[in-house]
Amino acid sequence: MFGEYVAAADRIPEGIRRLKGEKEIYLYGNGIYAKEMLDILDSFRIKVEGVLVSREFVSKAEDFYGNRVYIGEEFLENNRKEIAVVAGFHVLGHRELTNRLTADKYVKTVYVLNGCQIFWSNGFRFVDSKVYLVDNYYAGLLKRNLNIHYFKENYTLFL
């Protein structure tokens, strides 16, 4: 499915184009959701420099699907270059981490690849505009069965 999506260049979200232009990209997280985000990045041929993992979730593994793992807190404390972070964690469930990342002066942008889930969570506010919501039409909207028929039947939900 992603192969067809990548082939349709006019359908690649602006956020993916922007992410592809970043020089230093790190995935934050090492759970199932992080693996899903890594798969999306791989499908767009976006490589990460490494994987950041909060100290409490670090395992003995030195890599995450072939990518070097860093203890997130230590990495960010010692980092002195601008980086982009792809959230490999549920940003709504880990607001403290999201706020910490957006407050870090060397974290240029935090990309949330399944961005439309944020819109459906009433009252959520990010610390600032460093968070960039990206959604992939096929994996995002179709996976959630949101199509023109759904919109027509439920248009009042969007008002």
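Up top is the structure these notes are about.
S.K.: Can you lay out the overall build of the chain for me, pointing to particular residues and giving the numbers?
M.R.: Along its length, the chain carries eight helices and seven strands. Taking all 159 residues of the chain together, 45% fall into the buried category. For the chain, the share of sequence-separated contacts (at least 6 apart) that also reach a separation of at least 24 residues comes to 62%. Accessible surface, the chain: about 9,600 Å² in total, of which carbon and sulfur atoms supply 51%.

S.K.: Quick one: what's the story with helix H5 (residues 95–103), residue by residue and with numbers?
M.R.: Where H5 is concerned, the buried positions are Leu-97, Thr-98, Leu-101 and Thr-102. Angular distribution of buried residues about the axis of H5 spans 130°; they occupy a single face of the element. Facing away from the buried side of H5, by more than 90 degrees, are the exposed residues Glu-96 and Ala-103. Residues of H5 that are buried in the fold lie against strand E1 (25–28), helix H4 (72–78), strand E5 (83–87), strand E6 (107–112) and strand E7 (131–133).

S.K.: Any details on the nonpolar core? Residues and values, ideally.
M.R.: One recurring pattern in soluble globular proteins is that nonpolar side chains are buried together. Leu-19, Leu-27, Val-86, Tyr-111 and Leu-113 are the most contacted members of the largest nonpolar core, which totals 23 residues. For this core, the element with the most residues is helix H3 (residues 32–43), which contributes six residues. If near-sequence neighbours (up to four positions away) are discounted, Val-86 is found in contact with Leu-19, Ile-25, Tyr-26, Leu-27, Tyr-28, Met-37, Leu-41, Tyr-111 and Leu-113. In terms of nonpolar packing, the next biggest core, distinct from the first, is built from 18 residues, Leu-52, Ala-87, Leu-97 and Val-107 among them.

Scoring rules and cut-offs
- Residues numbered from 1 in each chain as written.
- Predicted model: local features only at pLDDT ≥ 70, side-chain atom pairs only at ≥ 80, totals over all residues.
- Heavy atoms only, no water.
- Helix = DSSP H or I, 4+ residues; strand = E, 2+ residues; numbered from the N terminus.
- Buried < 20%, exposed > 50% of the residue type's maximum accessible area, 1.4 Å probe, protein only.
- Contact = heavy atoms within 4.5 Å.
- Areas by Shrake-Rupley, 256 points an atom, 1.4 Å probe, with all protein chains shown as cover.
- Arc of directions from axis to C-beta.
- Core = buried A, V, L, I, M, F, W, Y, C linked by side-chain atoms within 4.5 Å.

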